[in-house]
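# Structural description and commentary
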Number of protein chains: 2
Amino acid sequence: MKRRNTPTKEAVLAVFASTDKAMSQDVIEQKINIDINRATIYRVLNRFCDDGILHKVVAEDGKQYFALCKKCNENEKPLHHFHFRCIKCETIECLPSEVSFSIPDAYLIENVNCVLTGRCQECS
Amino acid sequence: MKRRNTPTKEAVLAVFASTDKAMSQDVIEQKINIDINRATIYRVLNRFCDDGILHKVVAEDGKQYFALCKKCNENEKPLHHFHFRCIKCETIECLPSEVSFSIPDAYLIENVNCVLTGRCQECS
DNA sequence: ATACTAATGCGACATATTCGCATTTAAAAT
DNA sequence: ATTTTAAATGCGAATATGTCGCATTAGTAT
């Protein structure tokens with residue numbers, strides 16, 4: 001199944017090009033000028049995740065947030081980083097701090113989801 | 001508002017006493033022999049969190065999981081630890097590995113939510 | 001035994017995400 | 001340029017998780 005170029009994909013990518021924050025579906029929908037169905041946005045976002053263009057984090061509010069993979073596609077192994085969610089300005093940013101942990105080899109790690117919550121520099 | 005002892009609270013605590021895993025509301029409800037309303041279970045769980053008896057993590061499936069605080073009430077500052085969610089046996093365990101990160105002082109951290117996902121020792 | 005109010009049950013509500021299916025449309029094939 | 005194909009979309013419904021209001025029940029102190 002080859003991917004096709006559509007106005008929807010371009011519009012979504014344009015939103016991510018304008019910021020380095022992670023965003024939820026509803027915020028993305030607000031920032032897009034054209035009218036795109038909610039389910040379609042989710043599908044586009046998930047496809048981008050499959051293709052390594054975006055990555056997804058789930059915050060402690062239970063919602064999914066998507067952000068551009070800056071380093072994800074350069075290396076084979078994505079380096080997992082922390083995310084910070086500000087409860088005041090309600091944004092999520094990717095932190096440079098890398099996630100490190102020790103766990104027995106018998107565990108197979110498929111995903112890492114680390115989110116810190118609080119107030120960011122501007123809002124504290 | 002003083003807390004009262006109720007059969008519901010005892011039943012929920014009994015479930016946690018039987019395992020060291022983190023559990024979601026529906027699993028807890030299954031493990032309880034008596035019939036307790038869903039909303040009530042959530043209220044009991046959240047109250048236990050407020051009292052430092054349980055702690056809550058949100059996994060990348062967007063669901064809330066609750067686990068006994070073994071070390072949480074001993075120290076003033078809770079030491080945040082990683083959690084591991086197995087996609088096969090669908091359990092979440094608290095890992096001994098502590099979460100450490102570096103972030104500018106201007107950030108106010110109110111919560112730490114770190115969950116690794118994959119296959120546990122038994123399921124890998 | 002009585003009063004006070006925390007705790008519960010019930011139903012409704014809110015929100016986030018997914019799914020099926022008919023339709024549209026990008027892109028390959030002719 | 002036209003036809004073909006299957007990927008992408010829109011729409012509505014379905015699912016799931018968690019919360020809330022409110023009337024009722026039931027601990028606990030007096």
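The rules we used
Residues numbered from 1 in each chain as written. Chains lettered and ligands numbered in written order. Predicted model: local features only at pLDDT ≥ 70, side-chain atom pairs only at ≥ 80, totals over all residues. Heavy atoms only, no water. Salt bridge = Lys/Arg side-chain N within 4 Å of Asp/Glu carboxyl O. Helix = DSSP H or I, 4+ residues; strand = E, 2+ residues; numbered from the N terminus. Buried < 20%, exposed > 50% of the residue type's maximum accessible area, 1.4 Å probe, protein only. Contact = heavy atoms within 4.5 Å. Buried area = accessible area lost by both parts, 1.4 Å probe. Polar contact = N/O pair within 3.5 Å; in protein donor to acceptor, adjacent residues only side chain to side chain. Nonpolar A, V, L, I, M, F, W, Y, C, P; charged D, E, K, R; others polar. Near = heavy atom within 4 Å. Axes fitted to C-alpha atoms, helices over the stretch in contact; angles between N-to-C directions. Parallel < 35°, antiparallel > 145°, perpendicular 65-115°, else oblique. Left-handed = near helix turned anticlockwise from the far one by under 90°.

The name given to chain A in an unreviewed UniProt entry is Zinc uptake regulation protein ZUR, with the source organism recorded as Algibacter lectus.

## A few points about the pattern of salt bridges
Residue and element names in this part refer to chain A. Under the definition given, this model contains six salt bridges over all chains. Between R85 and D61 there is a salt bridge, with the nearest N and O atoms lying 3.6 Å from each other. Of this pair, R85 sits in strand β4 (residues 81-86) while D61 sits in the loop between β2 (54-58) and β3 (64-68); the two residues are 24 residues apart in sequence, bridging distant segments of the chain. Its relative accessible area of 15% is what places R85 among the buried residues.

## A short note on the interface of chain A and chain B
Of the residues lining the interface, 33 residues belong to chain A; the matching set on chain B comes to 33 residues. Contact with chain B buries surface across chain A, with A:E60, A:Y107 and A:Q121 losing the most and accounting together for 20% of the total. The tally of links between chain A and chain B comes to 16 residue pairs in polar contact (both at pLDDT 80 or more). Here the side of chain A that touches chain B takes twelve residues from strand β6 (residues 108-119) of chain A, the largest share from any one element. Across the side of chain A that touches chain B, the residue classes tally to 19 nonpolar, ten polar and four charged.

## Focus on the protein's contact with DNA strand C
Contacts to DNA strand C come from 24 residues, most closely from A:Y42, A:Q64, B:R4, B:T6 and B:T8. A share of 64% is what sugar and phosphate atoms reach among the atoms of DNA strand C within 4 Å of the protein. The backbone of A:N5 places a nitrogen or oxygen atom 3.1 Å from a phosphate oxygen of DNA strand C. Between DNA strand C and the protein, one listed contact pairs a phosphate oxygen with a backbone N or O atom of A:Q64 at 2.6 Å. Elements with a minimum of two residues in the surface near DNA strand C: α3 (38-50) of chain A together with α3 (38-50) of chain B. For the surface near DNA strand C, the element with the most residues is α3(B), which contributes six residues. Class assignment of the residues belonging to the surface near DNA strand C gives a composition of six nonpolar, seven polar and eleven charged.

## Some details on the protein's contact with DNA strand D
As a matter of local geometry, DNA strand D sits amid 24 residues, with A:T6, A:T8, B:R4, B:Y42 and B:Q64 nearest to it. Restricting the count to atoms of DNA strand D within 4 Å of the protein gives a sugar and phosphate share of 59%. A:T8 has a polar side-chain atom sitting 3.1 Å from a phosphate oxygen of DNA strand D. B:N5 places a main-chain nitrogen or oxygen 3.1 Å from a phosphate oxygen of DNA strand D. Of the residues belonging to the surface near DNA strand D, the class tally is six nonpolar, seven polar and eleven charged.

## Some details on the packing of helix α1 (residues 7-17) of chain B against α3(B)
All names here are of chain B. Two elements in contact, α1 and α3, have axes separated by 10 Å at closest approach and are oriented at 70°. Relative to α3, the element α1 is oriented roughly perpendicular. In the crossing of α1 with α3, the sense of the turn from one axis to the other is right-handed. Of the residues in α3, those touching α1 at T8, K9, V12, L13 and F16 are T40, V44, L45 and F48. Of the residues in the contact of α1 with α3, the class split is six nonpolar, two polar and one charged.

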